[in-house]
Every structure is written in C-alpha cells, then in structure tokens.
Amino acid sequence: MNVFKELYQNRKLIWKLSKNDFRNKFAGAYFGIVWAFIQPMVTVAVYFVVFQLGLRVQPAATGYPYICWLVSGIIPWFFFSDALPSASNCLLEYSYLVKKVVFKISVLPIVKVISALFVHLFFIAFAILIFALMGKLPPVQIIQIGYYTFAVICLVVVLSYLTCAIMPFFRDFGQIINVILNVGMWATPILWDKTTIPNIPGWFDHILKLNPLYYVVQGYRDSFMNGLWFFEHPWHTLYFWAFVLVAGLISSKVFKRLRVHFSDVL
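Residues numbered from 1 in each chain as written. Predicted model: local features only at pLDDT ≥ 70, side-chain atom pairs only at ≥ 80, totals over all residues. Heavy atoms only, no water.

Draft legend 1. Summary view of the environment of Pro-109. The residue Pro-109 is located in helix α7 (residues 108-133) in this model. Accessibility expressed as a relative area gives 0% for Pro-109, which makes it buried. For Pro-109, the contacting residues outside a window of four places in its chain are Ala-87, Cys-90, Ser-160, Tyr-161 and Cys-164. (Helix = DSSP H or I, 4+ residues; strand = E, 2+ residues; numbered from the N terminus. Buried < 20%, exposed > 50% of the residue type's maximum accessible area, 1.4 Å probe, protein only. Contact = heavy atoms within 4.5 Å.)

Pasting the structure below:
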C-alpha cells in the first residue's frame, strides 16, 4: 500500500519524468521521436510481407484481412516488449536519482511504462485506421480496448518492480529478459494462429493460456475483430488477475527488501 501511496503523491512528478524520458530516448536523432513510431511500423510491414505475401499464412476465417489480424495482436506485444526491458533498467539508467535520499525511487518503473504507453496509444489509433482503410470497422467491443490496455499496463508494472530490483545486483539479468522476450514472441500466438494447426491437443491450448500475455493478445483481437466481451472468458479473466495479484505481492516484497541496498550497489 505504501507504494501506491507514493505513486499517487508523486503523480505530477511521474507525468513530468515520463514526458522527458520519452523525448530523451531520441534526443540525439535527426528525426527525434519519429523513430519511436517508424520502427514498429517497419516491423509490421516486414512480418506482413514474410507471412502473408511470402508464406501465404492465413488466420482462421474471421472475415478480416491478414494485416488486421496481425496488427490487432502485435500491438500489445510491442508495448510489453518495449516497456519491460526499459523499466527493468530504470534504476541503472537513473542511478543519480536513486542515490538521492529524498527521491522516491518507486516512481521510476512507472515512468518507463508511461513513456512506452505514448507509442502504444498511437498504434491503437493506427490499427483502427488500418481497419477503416480495409473497410472493416471494429465492432462495438472496441470500447473495451481501454480495459485490456489497463490489463497489460498492470502486468508490465508488477513484473518490472521485480526485474528492476534484481538488475542492480545481477546485470546479466537484462540479457535473460531479452532471451525470454524472444521466446515469448513465438510462444504467444501473435504471428501464427493456433486454430489453423490440425489436431491440436487440448493440453497444448491450456499451456498457451498459462501465459498471461495470451489473455491480453486474445483480448485485443476480441475487441478489434471477434466481437467478444472480456466477461465471456470468466475463468481466463480470473486467472489473469490472480497472476497479476500474486506477481504484484512478490514484486513488492522483493522491491521493498532490496531498495535499501540500491544506492550501495549503484
């Protein structure tokens, strides 16, 4: 509860630092923050050319073009894979603030997450534009995209408090996170559709759903294409928030236990 209290009391500072962090990422580049949007767009274009035009991959019959299916699922992954490594590294990047006794270091992971959120919100609007250009406007369930955005924010925040607390003591942990993200990209049905796999065993589907990002990615596609509400998956919704709660309790305990040592190791 003390962490939430600190975050609320320092909300103006968090907002200011988040905007500065977003601008500083590309401060030395000629095109500045434009690169924050160009790189994901190029990545989507490459995946589209490889999987749609090259391999002729088609999702299950949804009535939507492949580009719509791809974009609706990859947007939350872009946010997660950008925010988690950045937030994990926040104590190292802002070590000069960590060493200040009066500074509330608990705000730093949130700063990184909000900084990544700016690009995420742009790509939600970009996805809606793509759907409109394809003549496939999202169903009314698109209004719940705010819920799933909140869900992925909560997920990355609780995980980042754990990972950022470990990073000062074990610098190689950042490389481990990158490896896990590379595996997670393919372990989560983002570029491939599990319904197109013939004779898929039931246990395999259950294993996929243990990944909390599966819930978010599927939720984005339910909002953009499938026209399903989040409460139509009650057990999966319950599992996701139980995972976030347990991960949050563990992260807060670890962060609180290690925070007194941060300034010493940095």
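Draft legend 2. Examining the nonpolar core more closely. One finds Ile-74, Phe-80, Leu-108, Tyr-220 and Phe-224 to be the most contacted residues of the largest nonpolar core, which totals 78 residues. When residues no more than four places from it in sequence are discounted, the contact partners of Leu-108 are Cys-90, Leu-91, Tyr-94, Leu-97, Val-98 and Phe-103. (Core = buried A, V, L, I, M, F, W, Y, C linked by side-chain atoms within 4.5 Å.)

Draft legend 3. Layout of the packing of helix α8 (residues 145-166) against helix α11 (residues 212-226). Remark: α8 packs on α11, axes separated minimally by 9 Å, with the N-to-C direction vectors making an angle of 165 degrees. Classified by the angle their axes make, α8 and α11 are roughly antiparallel. Every pair of crossing elements has a handedness; the one defined by α8 and α11 is left-handed. For the pair α8 and α11, contact is made by Ile-145, Tyr-147, Tyr-148, Thr-149, Val-152 and Leu-155 and by Pro-212, Leu-213, Tyr-215, Val-216, Gly-219, Tyr-220, Ser-223 and Phe-224, respectively. (Axes fitted to C-alpha atoms, helices over the stretch in contact; angles between N-to-C directions. Parallel < 35°, antiparallel > 145°, perpendicular 65-115°, else oblique. Left-handed = near helix turned anticlockwise from the far one by under 90°.)

Draft legend 4. The packing of α7 against α11, seen in detail. Viewed as axis vectors pointing N to C, α7 and α11 meet at an angle of 30 degrees, and their least axial separation amounts to 12 Å. With respect to their mutual orientation, α7 and α11 come out roughly parallel. Seen from above, α7 lies across α11 with right-handed handedness. Residue-level contacts link His-120, Ile-124, Ala-127, Ile-128 and Phe-131 of α7 to Tyr-220, Phe-224 and Met-225 of α11. Grouping the amino acids of the contact of α7 with α11 by side-chain chemistry returns seven nonpolar, one polar and no charged. (Nonpolar A, V, L, I, M, F, W, Y, C, P; charged D, E, K, R; others polar.)

Draft legend 5. Region of interest: the packing of aromatic side chains. On inspection of all chains with the given rule, the structure shows 24 aromatic pairs. Residues Tyr-148 and Tyr-215 carry aromatic rings whose centres are separated by 5.6 Å and whose planes lie at 55 degrees to one another, so their mutual orientation is tilted. Taken as a pair, Tyr-148 in helix α8 and Tyr-215 in helix α11 lie far apart in primary sequence, 67 residues in all. Across this residue pair, the class does not change: Tyr-148 and Tyr-215 are buried. An angle of 85 degrees between the planes, with centres 5.1 Å apart, marks the rings of Phe-240 and Trp-241 as edge-to-face. When its relative accessible area of 0% is taken as the criterion, Phe-240 is described as buried. Given the relative accessible area of 25%, Trp-241 is considered partly exposed. Following the ring pairs from residue to residue traces out a cluster consisting of Tyr-147, Tyr-148, Phe-150, Tyr-215, Tyr-220, Trp-229, Phe-230, Phe-231, Phe-240 and Trp-241. (Phe/Tyr/Trp six-rings, centres within 6.5 Å; stacked < 30°, edge-to-face > 60°.)

Draft legend 6. Spotlight on the pattern of salt bridges. Enumeration according to the criterion identifies two salt bridges in this entry. Across the pair Asp-21 and Lys-112 runs a salt bridge whose closest N-O atoms are separated by 2.7 Å. Highlighted residues: Asp-21 in helix α2 (residues 11-24) and Lys-112 in helix α7, separated in sequence by 91 residues. Of the two residues examined, Asp-21 and Lys-112, each falls in the buried class. The salt bridge partner of Glu-93 is Lys-112, with a shortest N-O separation of 2.6 Å. Residue Glu-93 is located in helix α5 (residues 90-93), and its partner Lys-112 is located in helix α7; the two are separated by 19 residues in the primary sequence. Connected via shared salt-bridge partners are Asp-21, Glu-93 and Lys-112. (Salt bridge = Lys/Arg side-chain N within 4 Å of Asp/Glu carboxyl O.)

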